Amino acid sequence: MNDGSKDDTIDRLRTAFDLYEVPQTYPDRIPTQPLRAVYRSRTRTRLLVIDKENGGKADALNAAINASRWPLVIAVDADTLIEPDALLRLTRPFLMGRSVAAVGGTIRVANNCVVRTAA
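Residues numbered from 1 in each chain as written. Predicted model: local features only at pLDDT ≥ 70, side-chain atom pairs only at ≥ 80, totals over all residues. Heavy atoms only, no water.

A.B. asks: Looking at this structure, I do not really get the overall build of the protein. What am I missing?
C.D. replies: Check the secondary structure of the protein and you find three helices and six strands. In sequence order, the secondary structure elements of the protein are arranged as β-α-β-β-β-α-α-β-β. Restricting the contact set of the protein to residue pairs at least 6 apart, pairs at least 24 apart contribute 42%. Accessible surface, the protein as shown: approximately 8,600 Å² in total, 53% of it carbon and sulfur. Within the protein, the 14 negative side-chain charges are centred at a point lying 8 Å from the centre of the 17 positive side-chain charges. (Helix = DSSP H or I, 4+ residues; strand = E, 2+ residues; numbered from the N terminus. Contact = heavy atoms within 4.5 Å. Areas by Shrake-Rupley, 256 points an atom, 1.4 Å probe, with all protein chains shown as cover. Lys, Arg positive; Asp, Glu negative; His and termini not counted. Charge placed at Lys NZ, Arg CZ, Asp CG, Glu CD.)

Set out below in structure tokens:
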């Protein structure tokens, strides 16, 4: 997701992942700021990159939810460190058959900086 950055983020993503523009093939069930483009990667076939007008973190998450093909969505920042079993721990409450809307992680400090760890 590129949420309206004015730097060279989208150009760097295009280069790093050999992105090419594709038509939007999913409905916008949740209103968001306008999309600039949707990209697929020639090297990572499951990677989808959305470039959109800035709308803040919640708006970017809503755009990602719109694009998701699956019932569960996990959102992390680019600077997040994820423990090896975090994805398993995050999905467990949903798999247990409970009525769960969301789960969260723990934020910890590491090496004099704030580090976000999922679950």
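A.B. asks: Teacher, can you tell me more about the sheet that holds strand β1 (residues 2–3) here?
C.D. replies: Within a sheet, each strand pairs with its neighbour through backbone hydrogen bonds, oriented either parallel or antiparallel. Across the sheet, four strands lie side by side as β1-β4-β3-β2; this open sheet has mixed pairing. Looking along the sheet, the strands with just one partner apiece sit at the ends: β1 and β2 (19–22). Note: β2 against strand β3 (residues 35–41), four bridges, orientation antiparallel. Bridge pairing in β3 places Leu19 opposite Ser41. Here helix α2 (residues 57–67) sits on the sheet and contacts β1 and β4 (48–52); the angle it forms with β4, its principal contact strand, is near 140°. (Pairing = 2+ DSSP bridges. Axes fitted to C-alpha atoms, helices over the stretch in contact; angles between N-to-C directions.)

A.B. asks: Help me understand the side chain of Asn66 in this model?
C.D. replies: Residue placement: Asn66 occurs in helix α2. For Asn66, the side chain forms a polar contact with the main-chain nitrogen of Arg29, separated by 3.2 Å. Reaching out from Asn66, the side chain makes a polar contact with the backbone oxygen of Ile30 at a distance of 2.8 Å. Contact partners of Asn66, with chain neighbours within four places excluded, come to Tyr26, Pro27, Asp28, Arg29, Ile30 and Thr32. (Polar contact = N/O pair within 3.5 Å; in protein donor to acceptor, adjacent residues only side chain to side chain.)

A.B. asks: Please explain the pairing of β4 as it appears in this structure.
C.D. replies: Consecutive side chains of a regular strand alternate in pointing toward one face of the sheet and then the other. Extensive coverage of β4 is indicated by the burial of four of its five residues. Here β3 pairs with β4 via five bridges, running antiparallel. Of the residues in β4, the one forming a bridge with Arg40 is Leu48. Counted between consecutive antiparallel strands, the loop separating β3 from β4 contains six residues. (Buried < 20%, exposed > 50% of the residue type's maximum accessible area, 1.4 Å probe, protein only.)

A.B. asks: Is there a simple way to think about the environment of Leu87 in this case?
C.D. replies: Its place among the elements puts Leu87 in helix α3 (residues 86–95). A relative accessible area of 46% means that Leu87 is categorised as partly exposed. Measuring from C-alpha to C-alpha, the distance between Leu87 and Val49 comes to 21 Å, with 38 residues separating the pair along the chain.

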